[in-house]
Amino acid sequence: MSYDNKDKGMTLIVKTITGLTVGLILLYGLYITLHGHISPGGGFAGGVIVAISFIHLMLAFGREEALRILPKTFISVLESVGALLFLGIAILGFMGGYFFLDWFSKGKPFELFSAGSIIFSNIAIALKVGLGLFGIFLVLILLKFTSKDE
Amino acid sequence: MVIIPFFTILPLSGAFIIYLVGRHSKFFTDIFANITTFVLFLLSLFILFFKPFEPLLYKVGGWLPPWGITLVIDGLTRFMLITVNFIAWTITLFSVNYMEKFTSKYKFYTLFLFMLAGMNGLLISGDIFNVFVFLEIASVASYALVAYGVEAEELEASFKYLVMSSFASLCILLGIALLYSYTSTLNIADMGVVLWEKGIVPVVIFSAVLFFLGVGLKSAIVPFHAWLPDAHPSAPAPISATLSGVLIKTLGVYLLLRIFYNLLGVNQIFLDILMFLGVLSIMVGVILAITQMDIKRLLAYHSISQIGYIILGIGLGTPLGVLGGLFHLFNHSVFKSLLFLNSGAIEYTIGTRDLSKMGGLRKNMPLTGWTSLIASLSISGIPPFNGFFSKLLIIIACMEKGYIGYAIWAIIGSILTLSSFMKVQKFAFLGKLNSLYKEVKEVPIFMRTAMVILAIICILSGGMLIPYLNNYFLLPAQKVILGGLDYKNINQSINNEK
């Protein structure tokens, strides 16, 4: 990341602080996602936090920097993949006889690997929500607004 | 019945797969979207013919009804599923050629399949919150589709539609929340049981008012109709056809039937309001339509007017009236879709929607001309075509119940409809050909196929009233509505269903 490029993004102070915190925010988002079935939060909240970490990057370092890490096509492809994953998990339930049936091994309660397929659903939702939200933010930034008078 | 959830699985997976693969291969997109909608149509036919009478239940995730989400298929759902998926199939067929003039066709198919998933999900869901979720999926996809051309006029129409329709969704959500707080359950049938036991209190009446605001806005009955004449003409023609043909009926009329007839119950005051608004819609819609010179705007105003007939028929509450209303719902889907596809074909070839600039097009576009004549005669209620039978049923039902005035208004509305469609025929297809359009040719093959299929259904579907045939399609749907609150017993059939 280019800390010394003065034309792009905000000041050096903001860039340094963002560089320090952005990884923590991303990790926290992943934590919320993965522990969705045993603590408050889940795929949606975790996905939003993941999206926020990338939005921070974009605000501090400028949009080229953020798009270098996460290209546009990558976002739209992974967003669809997230949705298809969620649908796939739901369809896998047919192996047990019902749509959306949770047929994975349930494990011991309150451990990370418990609650069967909920954790995979949460990951799929986080992919979809996080990248979808980031995509919406990108679209709002990339669009150029012109009025009729110009 | 394991195939019930596939009504939402197929369009949703189709949408995402098309979004992933579509940008690389146009050919694949067309084929895949058409196969998806065609398979959905076949599935709805399968459900109609192989399990025609008893209600079907599906437990999502294997959870039992009052707690889990159920998918319910009864007569009304079968009827609506056939209508929605049949129209959707013909419209994807039409879009193969029509949408060539827009960029990124795969996005169109993605959004279209989302809308279809929303409508199918709304129809099969037996859980009132799921109904809201699918209603929002269908609505949000339709906002984007109205703005698909991204011209200033389209964006403005889409924004107007978005504001009014979001307000409607909010009303419905608040109604659901109030009902949930009163009954402590979200399953529609179970909610019916609790309401039956605890009785109707003011909060239920308040939520009924909210529901009526919501579905009234979604189905564009007259005091709530302002968004429709902007939104429907601005969309690309296949989308106008879907919006007018099935979306306002699924989100509006079907939901009205399900919530008021099957869940809350109706009384004579409510029926009087429905009938009055129906007649008001008939007259206001047709009077506003008659002066329009923009062909799609004229058709959009006629949608309001024809929804009025459906509401009038349903609001009568007699067996004949409900039958007429439902039959008119199906017929209107077919001929209004056909008319919008015709207008799309005209726009495709000569590039304008202004009636005064057209003329003599039948010579160069015979198929569009003849199919549009069939659709015009159907919507005006001329005897051999389907519109005649449904309007006749509604008018006879009015007479039977003693509402002679409403019957006369319905007849006047029909005559005015005829006059305004004669105007369309005169300006667009008869008369002298504009010298600019000497070289105009008939539209490509898939557009023609879609229009011909719809025209054939226009001619044949009057036969659905024949005693043996209507046992399958119309009478089960009518039975569900007349059965009213009996819907609450539907969960008890879960024991004999896997």
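Residues numbered from 1 in each chain as written. Chains lettered and ligands numbered in written order. Predicted model: local features only at pLDDT ≥ 70, side-chain atom pairs only at ≥ 80, totals over all residues. Heavy atoms only, no water.

### Some remarks on the overall build of chain B
Secondary structure assignment for chain B yields 20 helices and two strands. Computed over the C-alpha atoms, the radius of gyration of chain B is 21 Å, within 12% of the 23 Å expected from 2.2 N^0.38 for a compact globule of 498 residues. When the backbone C-alpha atoms are referred to their principal axes, chain B occupies close to 70 × 60 × 45 Å. Treating the 31 positive side-chain charges of chain B as one cloud and the 22 negative ones as another, the clouds have centres 6 Å apart. (Helix = DSSP H or I, 4+ residues; strand = E, 2+ residues; numbered from the N terminus. Rg over C-alpha atoms; globule rule 2.2 N^0.38 Å. Lys, Arg positive; Asp, Glu negative; His and termini not counted. Charge placed at Lys NZ, Arg CZ, Asp CG, Glu CD.)

### Some points on the overall build of chain A
A tally of regular secondary structure across chain A gives five helices and zero strands. Helices (α) and strands (β) of chain A occur, in sequence order from the N terminus, as α-α-α-α-α. A globule of 150 residues ought to have a C-alpha radius of gyration of about 15 Å, yet chain A, at 19 Å, is considerably larger. Counting only residues that meet the buried cut, chain A has 37% of its 150 residues in that class. For chain A, long-range pairs separated by at least 24 residues make up 65% of all intrachain contacts whose partners lie at least 6 apart in sequence. Carbon and sulfur atoms provide 73% of the accessible area of chain A, an area that totals close to 8800 Å². (Buried < 20%, exposed > 50% of the residue type's maximum accessible area, 1.4 Å probe, protein only. Contact = heavy atoms within 4.5 Å. Areas by Shrake-Rupley, 256 points an atom, 1.4 Å probe, with all protein chains shown as cover.)

### Observations concerning the packing of aromatic side chains
All names here are of chain B. Evaluation of the coordinates by the stated rule reveals 35 aromatic pairs over all chains. Look at Phe28 and Phe32: their rings are 5.1 Å apart centre to centre, the planes differ by 20°, and that puts the pair in the stacked class. One end of the pair is Phe28 and the other is Phe32, both in helix α2 (residues 26-50) and four residues apart, which spans about a single turn. For Phe28, a relative accessible area of 27% puts it in the partly exposed group. Residues Tyr98 and Tyr348 carry aromatic rings whose centres are separated by 6.1 Å and whose planes lie at 35° to one another, so their mutual orientation is tilted. Here Tyr348 lies in helix α13 (residues 319-350) and Tyr98 lies in helix α3 (residues 75-98), a separation of 250 residues in the sequence. Tyr98 sits in the buried class, given a relative accessible area of 1%. By relative accessible area, Tyr348 is classed as partly exposed at 29%. (Phe/Tyr/Trp six-rings, centres within 6.5 Å; stacked < 30°, edge-to-face > 60°.)

### A word on the pattern of salt bridges
Residue and element names in this part refer to chain B. Following the criterion strictly, the structure yields ten salt bridges over all chains and no others. Measuring nitrogen to oxygen at the nearest pair gives 3.0 Å for the salt bridge that ties Arg353 to Asp294. Placement of the pair is Arg353 in the loop between α13 and α14 (361-364) and Asp294 in the loop between α11 (268-290) and α12 (295-316), with a sequence separation of 59 residues. Taking relative accessible area as the criterion, Arg353 reaches 15% and is therefore assigned buried. Bridged by salt links that share partners, the residues Lys26, Asp30, Glu100 and Lys105 form one connected network. (Salt bridge = Lys/Arg side-chain N within 4 Å of Asp/Glu carboxyl O.)

### Overview of empty space enclosed by the protein
Any empty space left between the atoms is revealed when a probe the size of a water molecule rolls over them. Residue and element names in this part refer to chain B. Tallied over the entire structure, the rule returns two cavities of 30 Å³ or more. One number sums up the size of the largest cavity: a volume of about 60 Å³. The wall of the largest cavity is formed by Ile295, Leu299, Leu339, Asn342, Ser343, Ile346, Ser372, Phe421, Val424 and Phe429. Mapped by element, the contributors of at least two residues to the lining of the largest cavity are α12, α13 and α17 (404-429). Of the residues forming the lining of the largest cavity, the biggest block, four residues, is contributed by α13. Residues belonging to the lining of the largest cavity are distributed by class as follows: seven nonpolar, three polar and no charged. What the second largest cavity holds in volume is close to 50 Å³. Residue lining of the second largest cavity: Leu122, Ser125, Ile128, Val131, Ile188, Tyr254, Leu255, Arg258 and Ile259, and that is the complete set. (1 Å grid on protein atoms, 1.4 Å probe; cavity = no way out; pocket = protein on both sides within 12 Å on 5 of 7 lines; lining within 4 Å. Points joined across faces, edges and corners; volume = space filled by probe spheres on them. Nonpolar A, V, L, I, M, F, W, Y, C, P; charged D, E, K, R; others polar.)

### Describing the interface of chain A and chain B
Residue-level contacts link 17 residues of chain A with 18 residues of chain B. Inspection of the region where chain A meets chain B yields zero salt bridges. Remark: the boundary between chain A and chain B carries three residue pairs in polar contact (both at pLDDT 80 or more). Of the residues forming the side of chain A that touches chain B, the biggest block, nine residues, is contributed by helix α4 (residues 72-92) of chain A. Tallied by class, residues from the side of chain A that touches chain B come to eleven nonpolar, four polar and two charged. (Polar contact = N/O pair within 3.5 Å; in protein donor to acceptor, adjacent residues only side chain to side chain.)

### A short note on the side chain of Asn130 of chain B
Relative to the assigned elements, Asn130 of chain B resides in helix α5 (residues 128-146). Not counting chain neighbours up to four residues away, the residues in contact with Asn130 of chain B comprise Ile69 and Ser125 of chain B.

### A closer look at the pairing of strand β2 (residues 70-73) of chain B
Residue and element names in this part refer to chain B. Covered by surrounding structure in β2 are Thr70 and Val72 together with Leu71 and Ile73, the residues of both alternating faces. In this structure, strand β1 (residues 56-59) lies alongside β2, joined through four bridges in antiparallel fashion. Its bridge partner being in β2, Leu57 is matched across the sheet by Val72. (Pairing = 2+ DSSP bridges.)

### A short note on the confidence of the model for chain B
On average, residues of chain B score 90 in pLDDT, and 99% of them reach the 70 mark or higher. On the interface metric, ipTM, the complex scores 0.87, and its pTM is 0.93. (pLDDT = per-residue confidence, 0-100.)

### Focus on the environment of Leu288 of chain B
Residues and elements named next belong to chain B. Relative to the elements of secondary structure, Leu288 occurs in helix α11. Separated by 16 residues in the primary sequence, Leu288 and Ile304 have C-alpha atoms spaced 9.8 Å apart. Apart from the residues lying within four places of it in its own chain, the contact partners of Leu288 are His225 and Tyr301.

### Structural notes on the nonpolar core
In this structure, Ile4, Leu76, Phe79, Phe211, Phe260, Tyr261 and Leu264 of chain B are the most contacted members of the largest nonpolar core, which totals 173 residues. Ranked by the residues each element gives to this core, the list is headed by helix α10 (residues 237-264) of chain B, at 18 residues. When neighbours within four sequence positions are excluded, Ile4 of chain B is seen to be in contact with Ile47, Leu56, Tyr58, Leu71, Ile73 and Ile124 of chain B. Counting 15 residues, the second largest nonpolar core, distinct from the first, contains Phe54, Ile75, Leu131 and Phe134 of chain A. (Core = buried A, V, L, I, M, F, W, Y, C linked by side-chain atoms within 4.5 Å.)

### Brief notes about the packing of α10 of chain B against α13 of chain B
All names here are of chain B. One way to put it is that α10 packs onto α13 with a least axis distance of 6 Å and a crossing angle of 160°. By the angle between their directions, the pair α10 and α13 is classed as roughly antiparallel. Crossing handedness for the pair α10 and α13: right-handed. Of the residues in α13, those in contact with Ala237, Pro238, Ser240, Ala241, Ser244, Gly245, Val246, Lys249, Val253 and Leu257 of α10 are Leu326, Leu329, His332, Ser333, Lys336, Ser337, Phe340, Leu341 and Gly344. In the contact of α10 with α13, the residues fall into ten nonpolar, seven polar and two charged. (Axes fitted to C-alpha atoms, helices over the stretch in contact; angles between N-to-C directions. Parallel < 35°, antiparallel > 145°, perpendicular 65-115°, else oblique. Left-handed = near helix turned anticlockwise from the far one by under 90°.)

### Some words on α3 of chain B
Taking 1.5 Å of rise per residue, the 24 residues of α3 of chain B would be expected to cover 34 Å, and the 34 Å separating its terminal C-alpha atoms lies within 8% of that figure. Counted residue by residue, α3 of chain B has 24 buried out of 24 residues, so it is predominantly covered. (Expected span 1.5 Å × (residues − 1).)

### Focus: the confidence of the model for chain A
Overall, the prediction assigns chain A a mean pLDDT of 85, with 92% of residues at 70 or greater. Confidence scores differ between elements of chain A, with helix α3 (residues 63-69) of chain A showing the lowest mean pLDDT of 81 and helix α1 (residues 12-34) of chain A the highest of 92.

### Description of the environment of Phe112 of chain B
Residues and elements named next belong to chain B. Inspection of the secondary structure assignment puts Phe112 in helix α4 (residues 105-124). Its relative accessible area of 1% is what places Phe112 among the buried residues. Taking the C-alpha atoms as reference, Phe112 lies 8.7 Å from Thr92; in sequence the two are 20 residues apart. Among all residues touching Phe112, those that are not within four sequence positions of it are Thr37, Ala88, Ile91, Thr92, Leu145, Ile239 and Thr242.

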